[in-house]
Structure formats: structure tokens, C-alpha cells
Amino acid sequence: MTQSLTIRRPDDWHLHLRDGAMLAAVLPETARHFARAIVMPNLVPPVVTGAQAAAYRERILAALPEGMTFEPLMTLYLTEDTDPDDLATAHASGLITSVKLYPAGATTNSASGVKDFDKVRPVLERMAEIGCPLCVHGEVTDREIDIFDREAVFIDRVLDPIRRTMPGLRVIMEHITTKDGADYVAANPEGLGATITVQHLMFDRNDMLVGGMRPHYYCLPILKRRQHREALVAAATSGDARYFLGTDSAPHPTHAKEAECCAAGCFTAPIALSCLAHVFEQAGALDKLEGFTSLNGPAFFGLPINADTITLSKLDPLTIPKTLPVADHTVTVFDPGFPLHWRVTG
Ligand SMILES: NC(=O)N[C@@H](CC(=O)O)C(=O)O
Ligand SMILES: [Zn+2]
Ligand SMILES: [Zn+2]
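Residues numbered from 1 in each chain as written. Chains lettered and ligands numbered in written order. Predicted model: local features only at pLDDT ≥ 70, side-chain atom pairs only at ≥ 80, totals over all residues. Heavy atoms only, no water.

**Here we look at the UniProt feature "binding site: Zn(2+) 1" (unreviewed entry) in the chain**
Argument step 1. Mapped onto this numbering, the UniProt entry annotates "binding site: Zn(2+) 1" (unreviewed entry) at His14, His16, Lys100 and Asp248. Sequence-wise these annotated residues cover 235 residues; spatially they are packed, their C-alpha atoms never more than 13.3 Å apart.
Argument step 2. Beyond its immediate chain neighbours, meaning those up to four positions away, histidine 14 contacts Ile38, Met40, Lys100, Glu174, His175, Thr195, Gly246, Thr247, Asp248 and Ser249.
Argument step 3. With respect to the element layout, lysine 100 can be found in strand 5 (residues 96-101). (UniProt positions renumbered as here; feature names shortened; annotations may be inferred. Contact = heavy atoms within 4.5 Å. Helix = DSSP H or I, 4+ residues; strand = E, 2+ residues; numbered from the N terminus.)

See below:
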């Protein structure tokens, strides 16, 4: 039985670092294990311009503790007013790696997102031209569409039409949560990739809702039924290079999660790799972990793989701190509810 595994250092292709005291608290949890991360721009106010992305990047690097290295890969938050020239300049200089599409109202801090997809068509055309990939939160927001169907409907009504008319646009379907999402990637080999989170590989909606409601498992897109989780595990462990890790680690203050109206997001960064090793071992696919965490993402984005490695070891149950202090409050760490034996040891 494998007790130790050495893999290229992983990257996180979908991460929320927030700002201020929260940024300072959560950044080391990612930088400890990951070399790079695509940093989501859904701050308040959002990171819309190249100048805002440059300033945010500086704040992230300033928050990095002495002795740690980490490369934030910046994204711009796409709005109906995004200036294509500003975007192209930020991309050409290497300041931004991608642009993020939030349908307005789909998720945390998405109010400035896109309402009318036709309005962003010129920007998307420019992105296709300059080779800037689009990261997508793929859910429709129409009230009549059930929350459990919003991803599948988005693929049919929004994503597929965009991709048909703009075949040159490279798209990352962020945090896919359904078999429909995994199948759409599998059926469309050109210019399409998908990230998958830790929680969607581990849990389904029953884990969140049966026997009481667990707010720390509530995220968007919401956990789906078991068959969808199984399809995601099959995709992640298949060795297909179009699926890669995006933890979507999304910290919220504990009081905002344990609230009358719970904020969406799971803070998984501290234990993401322990959870993933568990999932891949359960699937009999530990040999595919490195591709998912460390090779497939760089290949999609055309970036070099990391030169150094990490070692995961299977040891006594890991002790996970329940919370992380943040100024005058805390963030609750994602807890799978059973012992994890894998940990990063080197
Ligand atoms: N995933 C989440 O549930 N929440 C994210 C937003 C997002 O990625 O949709 C957040 O910013 O909190
Ligand atoms: Zn999202
Ligand atoms: Zn996210």
C-alpha cells in the first residue's frame, strides 16, 4: 500500500484570497502548499481594471509572510463596461492570466457581473483574438430555474451558444458540479477545460442536508446528487488533462456562515491536499493525483510546471484546527467529518 507520494508542487486554478485582515490570515494556508493560484476578483468593489489588478497583486505580495513564495495569477472581473483595450494591455504585459465571467446575481459579490451576454460579446471576441482565457461561473440566475438545474441550463442557453460563435475563445468552466458539466467538457475537446473543487469531489447534497443543515458545506454551485459527485470523481481521476484542481477555497467569517442567511463558500485551503489524496486513494487513482493538481492546469494555461515537489504521507489522523483567527473574528476550516490520514510532509 502506498504510504508516501511525491508530486510536482500543485497550483490552485480557482481561489478566493479576499483582502485586508482576511487576506493576511488565509494566504499562508495556500502559499504553504501551492506555488501559484488564479486569484478570483470578486472583491467589494470588484477588480475590474488593469490598475486595480496590479494594486490587488501588490497587496497580496505584501501580505505574504517572510520566507514564503507564491505567485498570484490575476484575473479581471468582467462587466458590461469592461474596456477591451485596458484588458488587452493587462494581458499583454502578463499582469492578468484570465478574465472572470460572473452572471449577475449568481454567487458571492456578483452584482456587478453580466446581465446581458450580448453586451460583452466584443470583449470576448477581443479575448479570443489575443488568447486570453475566460473563467466562467456557469449558472443561470433566472428565478424560475431550480438551483439544482442552473449549471446544466447555463451550458445549454449561454455557454454552448457563446462557444459556437466564438470557437477561438478558450474557456474554463469553473467548479463544475454536475455530470452535465463533466460530459460537456468531454464532448468538446477544443479550448475547453474545467476546474473541480475539493468539496464537490467529497460530498453530495445529502451530506449537507440530511440530519441537519451544515452551513460550512454550503457553496455555489450547490452540492448536487450523488451521481453527479461520482461523475466528477470519474473525471478528476481519469487522467484526462482537461480537468484540474480549482479548490474554490472561499473564506467567509464564521458568523456569516452560521447565520440566518448563510454565505456561500467553503474554506478548504488548509486541508485541500489531504482531502484530495483521500479521494484519489479511495478511487484507486493515486497515480492520477499529480496530473490533476500539478500538471493539467499549467498545460491548459500554457505555463511551465513547477520545478519543485511536495511529499504527501499517510500517517496517524491529522489534527485540523476548527477555526483560523482573523482580526476580531474567525474563519471555520472545512471539516470532512471523518479522519484524514494524508498530509503534506515535505
Ligand atoms: N463558491 C462559493 O460558494 N463562493 C465564492 C464565489 C464563487 O466562486 O462562486 C465566494 O466568493 O465566496
Ligand atoms: Zn463561482
Ligand atoms: Zn469561487
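**As for the coordination of the zinc ion (ligand 2)**
Argument step 1. Around the zinc ion (ligand 2), the protein supplies His137 (ND1) and His175 (NE2) as donor atoms, at distances of 2.0 to 2.1 Å.
Argument step 2. In this structure, the zinc ion (ligand 2) is surrounded by four donor atoms whose angles at the metal cover 54 to 148°, and the resulting shape is irregular.
Argument step 3. Histidine 137 sits in the buried class, given a relative accessible area of 1%. (Donors = N, O, S within 2.8 Å, 3.2 Å for Na, K, Ca; no water. Tetrahedral: all angles 85-135°; square planar, octahedral: opposite > 155°, others 65-115°. Buried < 20%, exposed > 50% of the residue type's maximum accessible area, 1.4 Å probe, protein only.)

**Some words on the confidence of the model for the chain**
Argument step 1. Considering every residue of the chain, the mean pLDDT works out to 97; 100% of them sit at 70 or more.
Argument step 2. Reported confidences for the modelled complex are a pTM of 0.98 and an ipTM of 0.99. (pLDDT = per-residue confidence, 0-100.)

**Structural notes on the UniProt feature "binding site: Zn(2+) 2" (unreviewed entry) in the chain**
Argument step 1. Under the feature "binding site: Zn(2+) 2" (unreviewed entry), the UniProt entry names Lys100, His137 and His175. On the basis of their most widely separated C-alpha atoms, the annotated residues across 76 residues gather in one place, lying no more than 12.6 Å apart.
Argument step 2. Here histidine 137 lies in the loop between strand 6 (134-136) and helix 5 (150-165).
Argument step 3. The contacts of histidine 137, once residues within four sequence positions are left out, are Lys100, Leu101, Tyr102, Pro103, Ala106, Thr107, Phe154, His175, Leu220 and Pro221.
Argument step 4. Looking at histidine 137, its side chain comes within polar contact range of the side chain of glutamate 139, at 2.8 Å. (Polar contact = N/O pair within 3.5 Å; in protein donor to acceptor, adjacent residues only side chain to side chain.)

**Topic: the coordination of the zinc ion (ligand 3)**
Argument step 1. The coordination sphere of the zinc ion (ligand 3), as far as protein atoms go, consists of His14 (NE2), His16 (NE2) and Asp248 (OD), spread over 1.9 to 2.0 Å.
Argument step 2. Seen from the zinc ion (ligand 3), its four donor atoms lie at angles of 95 to 129°, and the figure they make is tetrahedral.
Argument step 3. Summarised as a motif, the one-chain spacing of the donors to the zinc ion (ligand 3) is H-x1-H-x231-D.
Argument step 4. In this structure, the zinc ion (ligand 3) lies 3.9 Å away from the zinc ion (ligand 2). Taken together, the residues histidine 14 in strand 2 (residues 12-15) and aspartate 248 in the loop between strand 9 (243-245) and helix 10 (254-257) connect sequence positions 234 residues apart. In this structure, histidine 14 and aspartate 248 share a single accessibility class: buried.

**Some points on the sheet that holds strand 9**
For sheets, the rule is that strands pair by backbone hydrogen bonds, running either parallel or antiparallel.
Argument step 1. A sheet is described by the order of its strands in space; here eight strands give the open sequence 2-3-4-5-6-7-8-9, paired in parallel fashion. Taken across any chain shown, the strands that pair with only one partner, and hence form the sheet edges, are strand 2 and strand 9. Across the sheet, the mean angle separating the axes of adjacent strands is 30° when strand polarity is ignored.
Argument step 2. In the sheet, strand 2 pairs with strand 3 (residues 36-39) via two bridges, with the strands oriented parallel. Looking at strand 3, one finds that aspartate 12 is bridged to alanine 37.
Argument step 3. The sheet strands contacting helix 12 (residues 289-301) are strand 2, strand 3, strand 5, strand 7 (171-173), strand 8 (192-196) and strand 9, and the helix crosses strand 9 at an angle near 115°. (Pairing = 2+ DSSP bridges. Axes fitted to C-alpha atoms, helices over the stretch in contact; angles between N-to-C directions.)

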